[in-house]
Every structure is written in structure tokens, then in C-alpha cells.
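The primary structure of each chain is shown beneath.
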Amino acid sequence: MRCWVGLSITINTRRQDEGFNKYLREELLMKRMKMECRVLLVLVIVALNIVEGAMAAQHIVGGSQGWEETADFDSWASSKKFKVGDQLVFKYTSGLHSVVEIAGESAYKSCDLGSALDSMNTGNDVVKLNKVGTRYFACGTAGHCEQGMKVKITTEAGTAPSTPDSSSSSPPASSASSIHQSFACSFVLLAALVVTSFVYCMC
């Protein structure tokens, strides 16, 4: 009788150990899957940022003339389409000009620089168009805004490639085709990565 009791206790103990070991293995597996899921999500975010950066356009304000008094900024701006994510690049001689962002239409028309939202003077200022709407810029040097050194930028929604800057040379047809194919491949790979991460993390 004692032998049977001892044997039963031994079997139960082994079963308990096996169950505990199985529980530990499952816990370790779950932790590893969660870690891998986090890494995969980070990769997706990085890929999205890369694609967004590749799709964004840089516009040199004033085209080949840059941010100078001789440029026709109204004509330059009207020939462009600005999308969310694009960048404006103000190129000029530092100390001679500057860039001031003005609060609204009224201040823009009257060249009221006292309502400035921001001021830049590096000679190579970059402004990201991060939302839909109209933004107003002028030169901060006395008298330059009144002489026409100002520009109004209207940003549209969407992430399609914007109108390229007129000062940049147009790529040949074969190059443009390759660029479009590269973008297409990037989107396919990104979509596959997003779907894979979603399915994997939901499992």
C-alpha cells in the first residue's frame, strides 16, 4: 500500500513538473514573440518614414534665382503644386536677406512683419510643409517685402510627388520610368511588411 502511495506521489510530482516546464516554455515563447513584434513594428515605422521622405519634394523658393529681390515669386508659386511633407528651401546671401513667416493674409499684404511667427537667417533655410493650408513668407530686411520679396504657399493634401522645382533638370524618360518602378516596388514591399507585421502581432 505504501509503495502505491509513493508511486502515485512521484507520478503526480512529475506531472506537476512537466506542466510547470510547459508553462515556462510558453511564457518564454510569448515574451520572444512580443519582442519580435515590437521590432517588426519599429521596422514598419522606419520604412514609412523612408518612403515619406522619398516621396516628398524640395522646392527652391524663387527657382534658379533663389530668395532674391529679382525673382518673381508669384509666378514661381503659381507654377507649383505643394503637398504635405514637401519642403521649401530658401537660398540667399546671409546678412543681406532673411526669411520671416507672417501670421496671415492681412499682414502679408501690408508687409506687417511685427506679427511674425518665425524668423530665419542662415542663408539656407528649410521649411517643412507639415499640414494643409496657406503660409506666408517675406524677407525681413527693411523695405524688401514692400518691393515684392514675399511669397504665399498653399499646401494641398496628399502624398503624391509634387511638381518638381523648375531649376532642377528633368530626368530622361528611362530614368523617370526607373524611379516610378522603384517607388512601385517600395510600396509593394512596404505593404507586404505592414500586412505581415499585423498578422504576426495578432497571432
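These numbers come from a predicted model, not from an experiment.

**Q** What exactly am I supposed to notice about the confidence of the model for the protein here?
**A** Keep in mind that low pLDDT regions are not for reading the predicted coordinates in detail. Per-residue confidence for the protein gives a mean pLDDT of 75, with 58% of residues at or over 70. Contacts for the low-pLDDT stretch residues 166-182, under 50 throughout, to residues beyond four places or in other chains number 7 contacts.

**Q** Even after reading the chapter, I still don't get the sheet that holds strand β3 (residues 87-91), so can you show me in this structure?
**A** In a beta sheet, neighbouring strands pair by backbone hydrogen bonds and run either parallel or antiparallel. Pairing is mixed across the open sheet formed by 3 strands, whose spatial order is β1-β3-β6. What marks the edges here is a single partner per strand, and that holds for β1 (58-60) and β6 (124-128). Between one strand and the next, the sheet's axes are offset by a mean angle of 25°, whatever the strand orientation. Pairing of β1 with β3, which is carried by 3 bridges, proceeds in the parallel orientation. Within the sheet, the bridge partner assigned to Gln58 lies in β3 and is Gln87.

So, how was this worked out
Position numbers for residues count from 1 along each chain, tracking the sequence in the order it is written. Where local features are concerned, this predicted model is filtered to residues with pLDDT of at least 70; where side-chain atom pairs are given and counted, the filter is 80 or more; whole-chain, interface and lining totals use all residues. Heavy atoms throughout the structure, all of them, feed into the side-chain values; hydrogens and water do not. Looking at any residue, its pLDDT shows the predictor's confidence there, from 0 to 100. We call two residues in contact when some of their heavy atoms are within 4.5 Å. When DSSP finds two or more bridges between a pair of strands, those strands are recorded as paired. Strands here are runs of E lasting at least two residues and helices are runs of H or I lasting at least four, both read from the DSSP assignment and numbered beginning at the N terminus. Here, axes are lines fitted to C-alpha atoms. For helices the fit covers the stretch in contact, and angles between N-to-C directions go from 0 to 180 degrees.

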